[in-house]
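Here are the chains, one letter per residue:
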Amino acid sequence: MIKIKIYLAVLFFGVTYANAQITSDENFRKPVSETLKKIETAFHVTINDDRGLLKGKELDYADWRIEPGNLAISLTNILAPFELMYFKQPDGTYIIRKYENHKVSVDKGKERLAYLTTLYSNVDEWEARKKEIKACMITSFGLDKAPPMPKSKPILTPKRIYKDYSIENIGLEILPGVYVTGSIYRPYPFNKKAPIILTPDGHFGDGRYRKDEQYRCAVMAKMGAIVVSYDLFAWGESLLQFPEETHRNSIASTVQVLSGIRLLDYLATTKNADMSRVGVTGGSGGGSHTMFLAALDDRITVSAPVVMVSSHFSGGCPCESGRGIHLCGNGTNNAEISAMMAPKPQLIVSDGKDWTLAVPELEFPFIQRTYELYGKKNLAENAHFANEGHDFGVSKRMALYPFMAKYLGLDLNKVKNAKGEIDESTCVMEPKERMFVFGDKGEKLPANALKDINKLYEMFGETNNKIYEIKK
């Protein structure tokens, strides 16, 4: 009995002594992992550091940073000093991740949307907000400083004629020595006014040469549209001018926005282009630029951003989020930028396995609310594929075609088979070499082609401060 009492006394003393070591003498410093365990107990949650980001990290006044009754502030207080953040998972647990300016948790996105709804309750208030964001986006992208488009003629390859459509490749000088490269799909025969559809490329493998992009461009051309598919900056044939690593320069987003705008400028000068009917659709990074073009260029009349509309993710590539446009209006996001399309027709395509997983319950109702201000709620649609992932797959294309046909006056029957189904099988898949503008080895690249990223920045009165990682 005496031994037990002595053991308990020693145990108690040991614990007390250990706790006594954490005092103001050491700034109440302790391992972050221990403080998070205390938070788990206090708030009845599970916090998972599955990447070991907290290993070896200690924090002054750690336990003092816990805010009783407020889990969000407590976690932020503990993690922010290490540039870490938390994400709430669908199962209610919390995971620790490195801080990223373009990504927050779904619940943070929800809070932001709730706040944004307090800023405008009628069309006039929304139009004022929209005007503010648009002006800021123009300045942030640097579009107000862009040199005029050169007056050089576009470089066009000979047409390839297929069943009900044709293709020719284009190299358009959008800035002095800077060429956007792509392919133009047209109905064949082409003898009457036709709407235009821009399809900015995304970050999928094989770029605009991949099958799903060729399918959708060919099908929409067969339906009666002039469809233009074009490369990302420092991607595809743009690599002839700028190396791959420059794709992650912020200026890439500026060039990509200008690519869409100046392709439209060119198309407006061509025969049979109906500028009263202009659509835009792209997936992933192309989805970001679909939203940007729709928000910035009033000529866009129909929009279909695919797997990109989100209140909690604004694009992991600087070619989408590198110019700080999401700081506009004291803080915006892609859901609000998407809403800037209102009251013109918009199809938002989402899925259950990327950052668009909550669109039906979160972002889409928010966007519909903006359309409702105009009495046009029915002009915003959402096609959600809960069991699919981040792609522009066949089901997503099948949702796109009827929408574009409906609002651009296209003939859906032109692409239906005997069973009444939309049939992509009659489209020809070209090898990427056939889609090149400047030859198999870039031998036809114009002599004035710019290859200096620093000079590109200088065109906009800026300096390139990008530090590249050395590849080993």
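What counts and how
- Residues numbered from 1 in each chain as written.
- Predicted model: local features only at pLDDT ≥ 70, side-chain atom pairs only at ≥ 80, totals over all residues.
- Heavy atoms only, no water.
- Helix = DSSP H or I, 4+ residues; strand = E, 2+ residues; numbered from the N terminus.
- Buried < 20%, exposed > 50% of the residue type's maximum accessible area, 1.4 Å probe, protein only.
- Contact = heavy atoms within 4.5 Å.
- 1 Å grid on protein atoms, 1.4 Å probe; cavity = no way out; pocket = protein on both sides within 12 Å on 5 of 7 lines; lining within 4 Å.
- Points joined across faces, edges and corners; volume = space filled by probe spheres on them.
- Nonpolar A, V, L, I, M, F, W, Y, C, P; charged D, E, K, R; others polar.
- Expected span 1.5 Å × (residues − 1).
- Polar contact = N/O pair within 3.5 Å; in protein donor to acceptor, adjacent residues only side chain to side chain.
- Phe/Tyr/Trp six-rings, centres within 6.5 Å; stacked < 30°, edge-to-face > 60°.
- Disulfide = S-S within 2.5 Å.
- Core = buried A, V, L, I, M, F, W, Y, C linked by side-chain atoms within 4.5 Å.
- Pairing = 2+ DSSP bridges.
- pLDDT = per-residue confidence, 0-100.

Things to note about the overall build of the protein chain
Helix and strand content of the protein chain: 13 helices and 15 strands. A principal-axis box enclosing the C-alpha atoms of the protein chain has dimensions of 105 × 50 × 45 Å. The buried share among the 472 residues of the protein chain stands at 53%. Within the protein chain, residue pairs in contact and separated by at least 24 positions form 71% of the contacts whose partners lie at least 6 positions apart.

Focus: empty space enclosed by the protein
A probe as big as a water molecule, rolled over the atoms, marks out the empty space that is left. Under the defined criterion, the tally for this structure stands at 2 cavities of 30 Å³ or more. Here the largest cavity defines a volume of roughly 80 Å³. Around the largest cavity, the lining comprises 14 residues; the ones closest to its centre are Y179, V180, F233, S238 and V255. Counting only elements with at least two residues in the lining of the largest cavity, the list comes to β9 (178-187) and α7 (251-267). A breakdown of the residues in the lining of the largest cavity according to their chemical character gives 8 nonpolar, 5 polar and 1 charged. Of the pockets and cavities examined, the second largest cavity occupies roughly 40 Å³. Per-class residue counts for the lining of the second largest cavity are 3 nonpolar, 2 polar and 2 charged.

Topic: helix α5 (residues 123-141)
Compared with an ideal rise of 1.5 Å per residue, which puts 19 residues at 27 Å, α5 spans 26 Å between its outermost C-alpha atoms and is within 8% of the ideal. On its buried face, α5 sits against α4 (106-116), α7, α8 (285-296), α10 (334-339) and α11 (363-373). A distance of 3.2 Å separates the backbone nitrogen of D124 from a side-chain oxygen at the start of α5, and that oxygen is part of N122. A positive backbone phi angle near 85° is found at G142, which sits one or two residues after α5.

What about α7?
Compared with the 24 Å implied by 1.5 Å per residue over 17 residues, the 24 Å span of α7 between its first and last C-alpha is a close match. The element α7 is largely enclosed, with a buried count of 16 among its 17 residues.

Describing the packing of aromatic side chains
The tally for this structure, following the rule as stated, stands at 12 aromatic pairs. Counting every residue linked through ring pairs, the aromatic cluster contains F28, Y61 and W64.

Quick word on the state of the cysteines
Evaluation of the coordinates by the stated rule reveals 1 disulfide. Here C136 connects covalently by a disulfide to C328, the sulfurs 2.2 Å from one another. Disulfide C136 to C328: torsion about the S-S bond roughly -80°, handedness left-handed. On the criterion of sequence distance, the pair formed by C136 in helix α5 and C328 in the loop between α9 (318-321) and α10 is long-range, its members being 192 residues apart. The structure places no disulfide on C317, whose sulfur is separated from the nearest cysteine sulfur, that of C319, by 3.1 Å.

A few points about the nonpolar core
Nonpolar side chains in soluble globular proteins generally cluster together in the buried interior. If you look at the biggest cluster of nonpolar residues, it comprises 75 residues, and the most contacted ones within it are M137, V178, L198 and L456. If you tally residues by element for this core, the top one is α7, at 10 residues. Excluding anything up to four places from it in sequence, L198 contacts V228, Y230, G260, L263, L264, L267, G279, V280, T281 and L293. With 36 residues, the next largest nonpolar core counts Y165, M223, V227 and V349 among its residues.

Some words on the sheet that holds strand β4 (residues 84-88)
The strands that make up a sheet are held in pairs by hydrogen bonds between backbone atoms, and each pair lies either parallel or antiparallel. Read from one edge to the other, the open sheet built from 3 strands follows the order β2-β5-β4, with strand pairing classed as mixed. Edge positions in the sheet fall to β2 (47-48) and β4, since each of these pairs with one other strand and no more. In terms of strand pairing, β4 meets strand β5 (residues 94-98) through 5 bridges, oriented antiparallel. Across the sheet, residue Y86 finds its bridge partner in β5, namely I96.

What to know about the confidence of the model for the protein chain
Considering every residue of the protein chain, the mean pLDDT works out to 92; 94% of them sit at 70 or more. Confidence over residues 1-20 falls short of pLDDT 50; this stretch has 0 contacts with residues more than four positions distant or in other chains.

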